[in-house]
Amino acid sequence: MSLQTKVMEALKEAMKAKDTIALESLRAIKSAILLAKTEAGAAEELTEADELKLLQKLVKQRKDSAALYTQQGRNDLAEPELAQKAIIEKFLPAQLSEAEVEATLKTIIAQVGATTAKDMGKVMGVATKQLAGKTDSKLISEIVKKLLS
């Protein structure tokens, strides 16, 4: 079942339940999907990798907004952003823990033969492909820096 189909079903359920936060989140996903489909040079259907990138982008936007609102002391604005983030994350695959990411990265570093921080690019290339959708790329880069230093 495609992401768009899942979102439409969840949207119907949210309408029936009159859940405004879920409606806003699901409409944002639906809008992003439509925008991605109508971009110049876009394929008829989004690939699973494109769907993951789109969802991760939406989650990151909500997380950044919430952090900014919290920093400015506006918890009344941060809470809905975090609630929307949680709803959008339901459509992402299960996220790996930091320990699981570190174990995977150690394996990748051994495969690539990286020894210094100069080899970070090699490791990041393989790691971002292998861990796509399973964790945040910022976390990957932090752990790689720690392991190679």
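The model shown is predicted, which means the values in this text are computed figures rather than measured ones. (Residues numbered from 1 in each chain as written. Predicted model: local features only at pLDDT ≥ 70, side-chain atom pairs only at ≥ 80, totals over all residues. Heavy atoms only, no water.)

Engineer: Looking at this structure, how should I read the overall build of the chain?
Structural biologist: Broken down by element type, the chain carries seven helices and zero strands. In sequence order, the secondary structure elements of the chain are arranged as α-α-α-α-α-α-α. If you line up the chain on its principal axes, its C-alpha atoms span 55 × 45 × 25 Å. The contacts in the chain between residues at least 6 apart in sequence include a share of 61% that link residues at least 24 apart. Of the roughly 9,400 Å² of accessible surface on the chain, 54% is carried by carbon and sulfur atoms. Averaging the coordinates of the 23 positive side-chain charges in the chain and doing the same for the 21 negative ones gives two points 2 Å apart. (Helix = DSSP H or I, 4+ residues; strand = E, 2+ residues; numbered from the N terminus. Contact = heavy atoms within 4.5 Å. Areas by Shrake-Rupley, 256 points an atom, 1.4 Å probe, with all protein chains shown as cover. Lys, Arg positive; Asp, Glu negative; His and termini not counted. Charge placed at Lys NZ, Arg CZ, Asp CG, Glu CD.)

Engineer: Before we go on, may I ask you to explain helix α2 (residues 20-38) in this structure?
Structural biologist: The terminal C-alpha atoms of α2, which comprises 19 residues, lie 27 Å apart, in line with the 27 Å expected from a rise of 1.5 Å per residue. Every buried residue of α2 is listed here: Ala 22, Leu 23, Ser 25, Leu 26, Ala 28, Ile 29, Ala 32, Ile 33, Ala 36 and Lys 37. In this structure, the buried side of α2 is in contact with α1 (3-17), α3 (48-71) and α4 (75-89). (Expected span 1.5 Å × (residues − 1). Buried < 20%, exposed > 50% of the residue type's maximum accessible area, 1.4 Å probe, protein only.)

Engineer: Whenever I open this one, the pattern of salt bridges confuses me. Can you help?
Structural biologist: When their charged atoms lie close together, side chains carrying opposite charge are able to pair. In the structure shown here, the tally under the stated rule is six salt bridges. Note that Arg 74 is salt-bridged to Asp 76, the shortest N-O span being 3.1 Å. Residue class for Arg 74 comes out partly exposed when judged on its relative accessible area of 38%. The closest approach of N and O atoms between Lys 106 and Glu 102, which form a salt bridge, is 3.9 Å. Pair noted here: Lys 106 and Glu 102 are both in helix α5 (residues 98-112), with a separation of four residues, about one helical turn. Where salt bridges share partners, they join Glu 102, Lys 106 and Lys 146 into one cluster. (Salt bridge = Lys/Arg side-chain N within 4 Å of Asp/Glu carboxyl O.)

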